[in-house]
2 protein chains.
Amino acid sequence: MVKIKKIRGGVTAPQEFQAAGITVGIKKSKKKDLALIFSAFPAQAAAIFTINKFVAAPILVSQEQIKNPFIQAIIVNSGNANCATGINGMDDAWAMARATAEALDIPREAVLVASTGVIGTPMPIKKILKGINVISQQISRKGSYDAAQAIMTTDKTKKEIAVSVRLEGGEIKIGAMAKGSGMIYPQMDQFSHATLLAFITTDANIESPSLNDMLKDAADVSFNMISVDGCMSTNDCVFMLANGASGVTVKSSKDMEMFKDALNFICIEMAKAIAADGEGATKLLEVRVNRANDNCQARKVAREVSNSMLLKAALFGKDPNLGRILSAVGQAGAEVDCTEVHINDVKIAKNGTIQYKNLGKASRKLSSSEIIIVIDLGIGFSSAVAWGCDLTYDYVKINAKYRT
Amino acid sequence: MVKIKKIRGGVTAPQEFQAAGITVGIKKSKKKDLALIFSAFPAQAAAIFTINKFVAAPILVSQEQIKNPFIQAIIVNSGNANCATGINGMDDAWAMARATAEALDIPREAVLVASTGVIGTPMPIKKILKGINVISQQISRKGSYDAAQAIMTTDKTKKEIAVSVRLEGGEIKIGAMAKGSGMIYPQMDQFSHATLLAFITTDANIESPSLNDMLKDAADVSFNMISVDGCMSTNDCVFMLANGASGVTVKSSKDMEMFKDALNFICIEMAKAIAADGEGATKLLEVRVNRANDNCQARKVAREVSNSMLLKAALFGKDPNLGRILSAVGQAGAEVDCTEVHINDVKIAKNGTIQYKNLGKASRKLSSSEIIIVIDLGIGFSSAVAWGCDLTYDYVKINAKYRT
């Protein structure tokens with residue numbers, strides 16, 4: 001078992017990474033809205049993007065840039081998604097990459113761009129370009145905290161994490177930051193696109209193809225298994241940089257496994273943090289599906305249940321509503337036999353039939369801020385886990401009032 | 001063009017149909033909860049059921065019964081879905097069919113059963129069987145109004161309609177009643193199952209296979225295109241009876257077309273009424289997708305947009321939120337080129353780019369109780385229409401408080 005040690009520092013925990021987060025005035029609130037991550041060494045990179053057919057300009061730019069051999073910087077703004085902004089939006093996204101490269105004195109090809117915020121509003125590009133000059137002077141080894149703040153939109157909590165792992169060749173570190181909150185139902189793949197943003201850094205030395213494979217696999221058991229509202233964003237993306245500054249190369253199959261475990265851990269922690277901080281959410285929902293016919297069916301059931309509006313509302317109301325769980329299971333179309341359902345360790349269904357005597361206990365368990373629903377389909381050997389949150393008045397409030 | 005004339009009377013408008021609706025005490029509210037539709041003549045029948053893998057007991061019973069050559073009665077209760085009720089639930093559903101047959105002195109094979117309400121609660125079967133004896137004495141040519149009331153759950157409005165159509169051989173009538181409200185995202189097919197219930201009667205004479213084809217086609221442009229909450233029920237079904245009492249046989253292709261038009265009209269009117277009366281809804285949303293690559297893509301986009309939680313919340317907030325429309329279009333995965341989007345005749349996007357100058361006007365149009373969003377994908381020649389409603393505080397309230 002790999003020993004994963006949590007450490008401080010987010011994206012700047014790995015060696016030779018610097019970051020910063022500042023206010024440039026994109027948000028009316030005057031909260032931080034521009035973040036920069038910089039690697040002193042050219043880094044191998046991997047990226048996954050939302051599969052939404054509408055993609056924001058920065059996604060298109062980063063899909064081009066990721067083809068280049070090395071990446072050294074990620075520039076990210078919040079407050080404006082630069083989506084549905086036409087040709088001007090593309091110009092603005094390219095201008096952000098160019099300005100970042102110039103300010104940091106690195107090749108233009110070495111910059112990734114990401115944006116999150118309102119769709120369909122022109123970018124205040126002058127403010128941003130000016131901000132890029134300022135932020136490139138402010139990056140530091142301690143800047144991860146500010147950077148993680150600067151990518152937040154309706155997020156209530158800042159999301160960052162870092163770990164160290166001892167491999168055969170020595171210790172490496174992995175750091176990450178993410179934002180989520182609304183329009184969260186990511187389905188990301190290589191060269192496709194979400195408004196979940198996550199940025200992962202490591203000082204391990206790993207080839208880009210391996211990095212891509214591991215990132216894709218990690219996303220499939222983490223980011224791609226969360227839903228706040230079933231709405232897929234036009235801006236979702238996860239970028240990962242490996243700058244090799246630790247001097248440790250990840251190559252042996254044992255090291256690969258250990259690195260993979262650590263990366264999965266980081267991505268799952270970030271994904272859960274995003275689900276728990278869903279717009280208006282008061283509870284984190286974890287749905288574990290066991291004994292499904294195959295992996296695909298397990299994933300489908302877990303996602304369908306975690307995404308059921310009726311179940312989300314029931315959780316808010318502390319109602320152990322078996323009907324809404326079973327109807328979501330059935331909606332997924334998976335093979336089912338003698339289903340068992342537990343809510344926080346209380347059995348509420350056996351053979352697909354309700355266990356009345358346990359409902360009172362189950363209802364009391366729903367006062368918890370973390371709800372774990374375990375569904376046993378009784379058919380095969382496949383499992384999957386998905387995360388979501390409850391549906392509250394605040395979700396409606398936030399999204400009825402959030403302006404275009 | 002077929003001349004469809006709206007008439008009074010719902011399911012009892014066609015000749016030789018009788019109906020009733022009474023209170024037997026399934027609902028605590030003491031509102032009507034048992035409905036019966038009876039045809040004096042044995043009728044050809046057609047049915048479609050939800051494709052949810054979990055199906056309620058009455059669905060399984062009706063799937064058996066519909067194989068029989070003739071149907072004469074439909075017994076329906078509200079307040080209890082008879083789902084996740086195990087073997088006892090199956091016994092109860094069969095008992096309802098048997099009791100209805102005995103009380104009406106018709107063959108046991110001639111009765112369809114439907115239920116809607118709470119999932120996972122045992123049926124108060126004694127009350128229901130007693131009620132069946134009472135209701136079979138009360139059926140009348142004027143009973144459609146009471147029957148339509150008796151199938152309501154969280155519905156605010158009673159849904160019934162009837163039309164007359166002049167065919168080559170003479171006039172025929174079609175009547176219908178339906179209920180909807182929550183857990184509304186029907187996907188119905190022959191021998192599969194939803195908690196949308198709709199019952200359609202006609203005094204035309206049509207062979208069962210044709211009736212099935214026409215009902216399936218009509219559902220695909222009506223009931224199967226509505227969403228209140230994206231949650232598919234375990235109890236959805238639509239039953240149709242054709243008793244031939246008008247003496248008019250629908251056989252020529254011209255008559256078939258006319259009958260089909262009338263049936264589509266009835267189903268679309270019912271579907272819209274259900275969407276407009278979605279739980280907590282204040283607005284009916286109609287999404288028209290034009291110039292899609294094919295019918296499947298048109299339908300998928302229309303459904304994805306009408307089902308977007310974020311867009312639903314924006315409509316409640318009167319926000320002409322293009323981003324949420326486009327991200328839902330993109331989520332459907334359809335081919336798109338130079339998208340145009342109109343909200344109640346105001347163009348808010350051209351070439352996928354927002355039209356700022358029109359947003360104020362669009363926002364004002366959103367005060368209307370009927371919102372029509374037209375999306376032109378600019379690719380092909382296929383169209384589809386879907387219906388939904390806004391997401392309000394009341395939806396959350398109703399579903400956080402509705403008990404298991």
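This text follows the structure it describes.
Residues numbered from 1 in each chain as written. Chains lettered and ligands numbered in written order. Predicted model: local features only at pLDDT ≥ 70, side-chain atom pairs only at ≥ 80, totals over all residues. Heavy atoms only, no water.

Scanning chain A for helices and strands turns up 11 helices and 16 strands. Computed over the C-alpha atoms, the radius of gyration of chain A is 21 Å, within 12% of the 22 Å expected from 2.2 N^0.38 for a compact globule of 404 residues. Projected onto its principal axes, the C-alpha positions of chain A cover 70 × 50 × 35 Å. Evaluated residue by residue, chain A yields a buried proportion of 64% over its 404 residues. Summed over its atoms, the accessible surface of chain A is roughly 14400 Å², and 49% of this surface lies on carbon and sulfur atoms. In chain A, 47 positive and 39 negative side-chain charges are present, and the distance between their average locations comes to 7 Å. (Helix = DSSP H or I, 4+ residues; strand = E, 2+ residues; numbered from the N terminus. Rg over C-alpha atoms; globule rule 2.2 N^0.38 Å. Buried < 20%, exposed > 50% of the residue type's maximum accessible area, 1.4 Å probe, protein only. Areas by Shrake-Rupley, 256 points an atom, 1.4 Å probe, with all protein chains shown as cover. Lys, Arg positive; Asp, Glu negative; His and termini not counted. Charge placed at Lys NZ, Arg CZ, Asp CG, Glu CD.)

Helix packing for two helices is described by the angle between their axes and how far apart those axes are. Residues and elements named next belong to chain A. Two elements in contact, helix H1 (residues 57–65) and helix H2 (residues 86–104), have axes separated by 8 Å at closest approach and are oriented at 50°. The orientation of H1 relative to H2 falls into the category oblique. Helix-helix and strand crossings are classified by hand; for H1 and H2 the assignment is right-handed. The segment H1 lies against H2, with Ala57, Pro58, Leu60, Val61, Glu64 and Gln65 engaging Gly89, Met90, Ala93, Trp94 and Ala97. Broken down by class, the residue content of the contact of H1 with H2 amounts to 8 nonpolar, 2 polar and 1 charged. (Axes fitted to C-alpha atoms, helices over the stretch in contact; angles between N-to-C directions. Parallel < 35°, antiparallel > 145°, perpendicular 65-115°, else oblique. Left-handed = near helix turned anticlockwise from the far one by under 90°. Contact = heavy atoms within 4.5 Å. Nonpolar A, V, L, I, M, F, W, Y, C, P; charged D, E, K, R; others polar.)

Further remarks concern the relation of the copies chain B and chain A. Mapping chain B onto chain A is achieved by rotating through 180° and translating by 0.0 Å along the same axis, at an RMSD of 0.0 Å. Taken together, the turn and the small shift mark the pair as related by a two-fold rotation axis. Closest approach to the rotation axis within chain B is made by the C-alpha atom of Tyr393 of chain B, at a distance of 2.8 Å. Here 100% of the interface residues in chain B have copies in chain A that are interface residues too; the copies meet face to matching face. (Least-squares fit on C-alpha atoms with pLDDT ≥ 70 in both.)

Residues and elements named next belong to chain B. Looking at where Ala46 falls in the secondary structure, it is placed in strand S3 (residues 34–50). Here the alpha-carbon distance between Ala46 and Ile4, two residues 42 residues apart in the chain, equals 22 Å. The contacts of Ala46, once residues within four sequence positions are left out, are Ile66, Leu211, Asn212, Leu215, Val238, Phe239 and Met240.

Residue and element names in this part refer to chain A. The strand order across the open sheet built from 6 strands is S14-S13-S12-S15-S11-S16, with neighbouring strands paired in mixed fashion. The outermost strands of the open sheet, each flanked by one partner alone, are strand S14 (353–354) and strand S16 (382–389). Sheet topology note: the strand S13 (residues 346–350)/S14 ladder contains 2 bridges and is antiparallel. In the sheet register, Lys350 faces S14, and the bridge partner there is Thr353. (Pairing = 2+ DSSP bridges.)

Turning next to the sheet that holds strand S11 (residues 284–292) of chain B. Residue and element names in this part refer to chain B. A sheet is described by the order of its strands in space; here 6 strands give the open sequence S14-S13-S12-S15-S11-S16, paired in mixed fashion. Each edge of the sheet is formed by a strand with only one pairing partner; in this case those strands are strand S14 (353–354) and strand S16 (382–389). Bridging between S11 and S16 involves 7 bridges; their strand directions are antiparallel. In the strand pairing of S16, Leu284 is matched with Cys389. The sheet strands contacting helix H6 (residues 253–276) are S11, strand S15 (370–376) and S16, and the helix crosses S16 at an angle near 40°.

Moving on, we get to the interface of chain B and chain A. Counting residues at the interface gives 58 residues for chain B and 58 residues for chain A. Taking both partners together, chain B and chain A bury about 4700 Å²; carbon and sulfur atoms supply 64% of that area. Put simply, chain B and chain A have 0 salt bridges between them. Along the contact surface separating chain B from chain A lie 6 residue pairs in polar contact (both at pLDDT 80 or more). Counting only elements with at least two residues in the side of chain B that touches chain A, the list comes to helix H8 (309–316), helix H9 (322–331), S14 and helix H11 (393–401) of chain B. For the side of chain B that touches chain A, the leading source of residues is H9 of chain B, giving 8 residues. Partitioned by chemical class, the residues of the side of chain B that touches chain A number 29 nonpolar, 21 polar and 8 charged. (Buried area = accessible area lost by both parts, 1.4 Å probe. Salt bridge = Lys/Arg side-chain N within 4 Å of Asp/Glu carboxyl O. Polar contact = N/O pair within 3.5 Å; in protein donor to acceptor, adjacent residues only side chain to side chain.)

Before going further, it helps to spend a moment on the pairing of strand S3 (residues 34–50) of chain A. Two faces, one strand: in a regular strand the side chains alternate between the faces of the sheet. Residues and elements named next belong to chain A. For S3, a buried count of 14 out of 17 residues is recorded, marking the element as mostly surrounded by other parts of the structure. Two strands pair when backbone bridges link them, and strand S2 (residues 17–22) and S3 are joined in this way by 6 bridges, in the antiparallel orientation. If you follow Ile22 over to S3, its bridge partner there is Leu34. Pairing between S3 and strand S4 (residues 71–80): 6 bridges, direction antiparallel. When the bridges of S4 are listed, Leu36 appears paired with Ile75.

Function-wise, these values are silent; they only describe arrangement.
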